[in-house]
Amino acid sequence: MDAKVKPTTQVATVKLLIGGEFVESKTTEWRDVVNPATQEVLARVPFATPAEVDAAVASAKDAFKTWKKTPIGARARIFLKYQQLIRENMGELAAILTAEQGKTLPDAEGDVFRGLEVVEHAASIGNLQLGELANNVANGVDTYTLLQPLGVCAGITPFNFPAMIPLWMFPMAIVTGNTFVLKPSEQDPMVTMRLCELALQAGIPAGVLNVIHGGEAVVNAICDHKDIKAISFVGSTKVGTHVYNRAIPTGKRVQCMMGAKNHAIVMPDANKEQTLNALAGAGFGAAGQRCMAVSVAVLVGDAQKWVPELVEKAKTLKIGAGTDKGVDVGPVISCAARDRVNGLIERGIADGATLALDGRKPSVPGYETGNFVGPTVFADVKPGMVIYEQEIFGPVLCLANAATIDEAIELINANPNGNGTAIFTQSGAAARKFQEEIDVGQVGINVPIPVPVPMFSFTGSRASKLGDLGPYGKQVIMFYTQTKTVTARWFDDSTVSQGVNTTISL
Ligand code: NAD
């Protein structure tokens, strides 16, 4: 945890949101929020005290008493208003996001937009939170289900999508009748806070949405808290596994969406130009800091001859500050992240991979202090090399070779991660074989980053996910609600009493 300091200068402080008020933390532990292109300190974020965590949960618990009874149409209308406010403030939201996270302004708008789509979906809750009814399951008896909210739910989010991922969580939790405590990434909490301001402006009542900041201690307090009923986590496999193992024994529902090593298979019959564009965009966009970034391309047969053209394509990408026009690749989030990525590139060379394009220490005039790593391509990458085994989370694309589609599928299924994958081909038979046999949550067919739209749910296989239900879409309605099954019989004057019945029947 670098940059923890006391607030001594006039830099703005990020507030907590408790009981409908944005309040200054009383903590003594703070961390700088830093512009990764310039190292400018934008704000200081507090690491909330145990008392502040308790206050946020208590406020959510209290608000639940009335919020759970709010009519479904009233809840939906708040999110109709909220989506309008997000649209109206899109430019400002993207600017805050780029300043603290580094991605380009158009990509920052995309980050907000993919979250906005979930808000739009939340506004259609009237069609989503429906129970089932079976009429006349026995003589004069009906059975039906109620999907009731759980109570206080919590969300823990990563740095790489500071708008989209909080919006995956609190709108769906709140619109289903729960109250929420959010713990954003301490690396870039400012756009998340602006989104929370807009949520209150849209009409979310005091206490229904609360925000606390911090790191390990606050996350552990969320895992342990007796009044929190469910946790949604998105972040690394290491932290997500810890959250799952700590919170599950306390009886909470937990969904953890975690790390990745996304492979794309390139078949020799694929459309070459489209495929190379897709690989460069998905490998180096957002400086490779997307959980769905393509980090390994598996070149099958003659596609292995495309490496020089892929390298040429990568060289055309412009590296720079996300605020500058025409930039394709912004900085990585922190100096520590830059040093880690550069260290992994050195390790790839030492392990014997072929460095086809070296992105270390790029020249970015005007931004000499920024955390830049340029597009980097390794060819001849094999399992066992550190650059293959670890999630690099930087603009580094590894190229592996396979003789056949079967070999490529076997390679992907043997990798511990199962977040996203794609195939590039013009063969329907190859695409169908891939879709059937691959053990990965998100599958793209000539689509490099197949993040599901909100009518579906984000998912994941193997080490990329813990918990059975994913964020947003139909699955999250089940995650954020408790099914109650009612069996009802109503008597009228014509009903003849059968007397005492001691057998198990209706
Ligand atoms: P991270 O795991 O470091 O942090 C995630 C959250 O956990 C943050 O809020 C952070 O404050 C908290 N945290 C960090 N260290 C902790 C600790 N020791 N104990 C308890 N809590 C801790 O992840 P990140 O670096 O912010 O984000 C990048 C990771 O997230 C990548 O692995 C990426 O693949 C993953 N990710 C996954 C998805 C998905 O949907 N599968 C989406 C986005 C990002």
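So, how was this worked out
Residues numbered from 1 in each chain as written. Predicted model: local features only at pLDDT ≥ 70, side-chain atom pairs only at ≥ 80, totals over all residues. Heavy atoms only, no water. UniProt positions renumbered as here; feature names shortened; annotations may be inferred. Buried < 20%, exposed > 50% of the residue type's maximum accessible area, 1.4 Å probe, protein only. Helix = DSSP H or I, 4+ residues; strand = E, 2+ residues; numbered from the N terminus. Pairing = 2+ DSSP bridges. Contact = heavy atoms within 4.5 Å. Polar contact = N/O pair within 3.5 Å; in protein donor to acceptor, adjacent residues only side chain to side chain. Core = buried A, V, L, I, M, F, W, Y, C linked by side-chain atoms within 4.5 Å. Axes fitted to C-alpha atoms, helices over the stretch in contact; angles between N-to-C directions. Near = heavy atom within 4 Å. Areas by Shrake-Rupley, 256 points an atom, 1.4 Å probe, with all protein chains shown as cover. Salt bridge = Lys/Arg side-chain N within 4 Å of Asp/Glu carboxyl O. Disulfide = S-S within 2.5 Å. Expected span 1.5 Å × (residues − 1). Arc of directions from axis to C-beta.

The chain is annotated in an unreviewed UniProt entry as methylmalonate-semialdehyde dehydrogenase (CoA acylating) of Variovorax ginsengisoli. Under Sequence similarities (unreviewed entry), UniProt gives the following word-for-word description of the chain: "Belongs to the aldehyde dehydrogenase family."

Enquirer: Can you walk me through the pairing of strand S5 (residues 41–46) in this structure?
Expert: Regular strands place side chains that alternate from one sheet face to the opposite one. Of all six residues in S5, five are buried, a share of seventy percent or more. Taken together, the five bridges between strand S4 (residues 30–34) and S5 define a ladder with antiparallel strand orientation. Within S5, the position partnered with Trp-30 by the bridge is Pro-46. Here S4 folds back onto S5, and the loop between the two strands holds six residues, one of which, Gln-39, carries a positive phi near 70°.

Enquirer: Can you help me understand the environment of Asn-262 in this one?
Expert: Within the element layout of this structure, Asn-262 appears in strand S13 (residues 262–266). The buried category is assigned to Asn-262, whose relative accessible area is 4%. In this structure, the C-alpha to C-alpha distance between Asn-262 and Thr-421, residues 159 residues apart in sequence, is 5.3 Å. Leaving out residues up to four positions away in the same chain, Asn-262 has contacts with Cys-291, Met-292, Ala-293, Val-294, Ser-295, Val-296, Asn-419 and Gly-420. Polar side-chain contacts of Asn-262 include one of 2.6 Å to the backbone oxygen of Cys-291. A polar contact is formed between the side chain of Asn-262 and the backbone oxygen of Ala-293, at a distance of 2.8 Å.

Enquirer: Explain the nonpolar core here, please?
Expert: As a rule of thumb, nonpolar side chains are buried together in soluble globular proteins. Membership of the largest hydrophobic core comes to 67 residues, with the highest contact counts inside it found for Phe-79, Tyr-82, Phe-170 and Phe-180. At ten residues, helix H5 (residues 164–175) tops the list of elements feeding residues into this core. Setting aside chain neighbours within four positions, we find Phe-180 in contact with Ala-60, Cys-153, Ala-154, Gly-155, Met-169, Phe-170, Ala-173, Ile-174, Val-208, Leu-209, Asn-210 and Tyr-480. Within the second largest apolar cluster, 32 residues are counted, among which are Val-307, Val-332, Leu-357 and Ala-422.

Enquirer: Would you mind showing me how to read the sheet that holds strand S23 (residues 481–489) here?
Expert: In a beta sheet, neighbouring strands pair by backbone hydrogen bonds and run either parallel or antiparallel. Across the sheet, three strands lie side by side as S6-S7-S23; this open sheet has antiparallel pairing. Looking at strand neighbours, the two that pair on one side only are strand S6 (133–138) and S23, the edges of this open sheet. Here the average twist between neighbouring strands, direction ignored, is 30°. Two strands pair when backbone bridges link them, and S6 and strand S7 (residues 141–149) are joined in this way by three bridges, in the antiparallel orientation. Looking at the pairing, Ala-138 lines up with Val-141 of S7.

Enquirer: Help me understand the site of the ligand in this model?
Expert: Taken together, 28 residues lie around the ligand, and Thr-157, Lys-183, Glu-186, Ser-236 and Glu-391 are the ones closest in. Lys-183 has a polar side-chain atom sitting 2.7 Å from an oxygen atom of the ligand. Contact between the ligand and Ser-236: an oxygen atom at 2.6 Å from a side-chain N or O atom of the residue. Within the complex, 88% of the 840 Å² of free accessible area of the ligand lies under protein. Among the elements of the structure, H5, helix H7 (216–224) and strand S11 (228–234) are those that each provide at least two residues to the shell around the ligand.

Enquirer: Is there a simple way to explain the pattern of salt bridges in this structure?
Expert: Two side chains with opposite charge may pair up if their charged atoms get near one another. Per the counting criterion, the structure on display carries 25 salt bridges. We note a salt bridge from Arg-44 to Asp-32, for which the minimum N-O separation is 2.8 Å. Placement of the pair is Arg-44 in strand S5 and Asp-32 in strand S4, with a sequence separation of twelve residues. We note that Arg-44, like Asp-32, is buried. The shortest N-O distance in the salt bridge between Arg-360 and Glu-346 comes to 3.9 Å. Of the two residues, Arg-360 sits in the loop between strand S15 (354–357) and strand S16 (376–379) while Glu-346 sits in helix H11 (residues 335–350), which places them 14 residues apart along the sequence. Given a relative accessible area of 48%, Glu-346 falls into the partly exposed group. Sharing partners across several salt bridges, the network here consists of Lys-61, Lys-226 and Asp-227.

Enquirer: I would appreciate a short explanation of the state of the cysteines in the present structure.
Expert: As used in these notes, a disulfide is a covalent bond between sulfur atoms, one from each of two cysteines. This structure, assessed with the given rule, holds zero disulfides. This cysteine, Cys-256, is not joined by any disulfide, and Cys-223 carries the nearest cysteine sulfur, 8.2 Å off. Residue classification places Cys-256 among the buried positions, given a relative accessible area of 0%.

Enquirer: Could you clarify how one ought to interpret H11 in this entry?
Expert: Residues spaced three or four apart along an α-helix face the same direction, because each turn holds 3.6 residues. Spanning 16 residues, H11 covers 23 Å between terminal C-alpha atoms, matching the ideal 22 Å at 1.5 Å per step. Among the residues of H11, those classed as buried are Ala-337, Val-341, Asn-342, Leu-344, Ile-345 and Gly-348. The buried residues of H11 occupy an angular sector of 155° when projected down its axis, which confines them to one face. On the buried face of H11, the contacting elements are S15, S16, helix H12 (386–389) and strand S17 (396–402). In the stretch just after H11, Gly-352 is the one whose phi turns positive, near 100°.

Enquirer: In this structure, what is going on with the pairing of S7? I would like to understand it.
Expert: Linkage of S6 to S7, two consecutive antiparallel strands, is achieved through a turn of two residues, within which Gly-140 is found at a positive phi near 75°. Relative to S23, S7 runs antiparallel, the two sharing nine bridges. Among the inter-strand pairings, Leu-146 is bridged to a residue of S23, identified as Lys-484.

Enquirer: What is the right way to read the environment of Ala-430 from this model?
Expert: Take Ala-430: it is sitting in helix H14 (residues 428–437). Dropping the residues within four chain positions of it, Ala-430 is found in contact with Ile-405, Ile-423 and Thr-425.

Enquirer: Quick question: what am I supposed to make of the environment of Glu-100 here?
Expert: In this structure, Glu-100 sits in helix H3 (residues 90–101). On the basis of relative accessibility, which here comes to 0%, the residue Glu-100 falls in the buried class. Distance in space between the C-alpha atoms of Glu-100 and Met-190 is 7.5 Å, their sequence separation being 90 residues. With near-sequence residues (within four places) excluded, Glu-100 lies in contact with Val-33, Val-34, Pro-36, Leu-42, Gln-187, Asp-188, Pro-189, Met-190, Val-191 and Ile-333.

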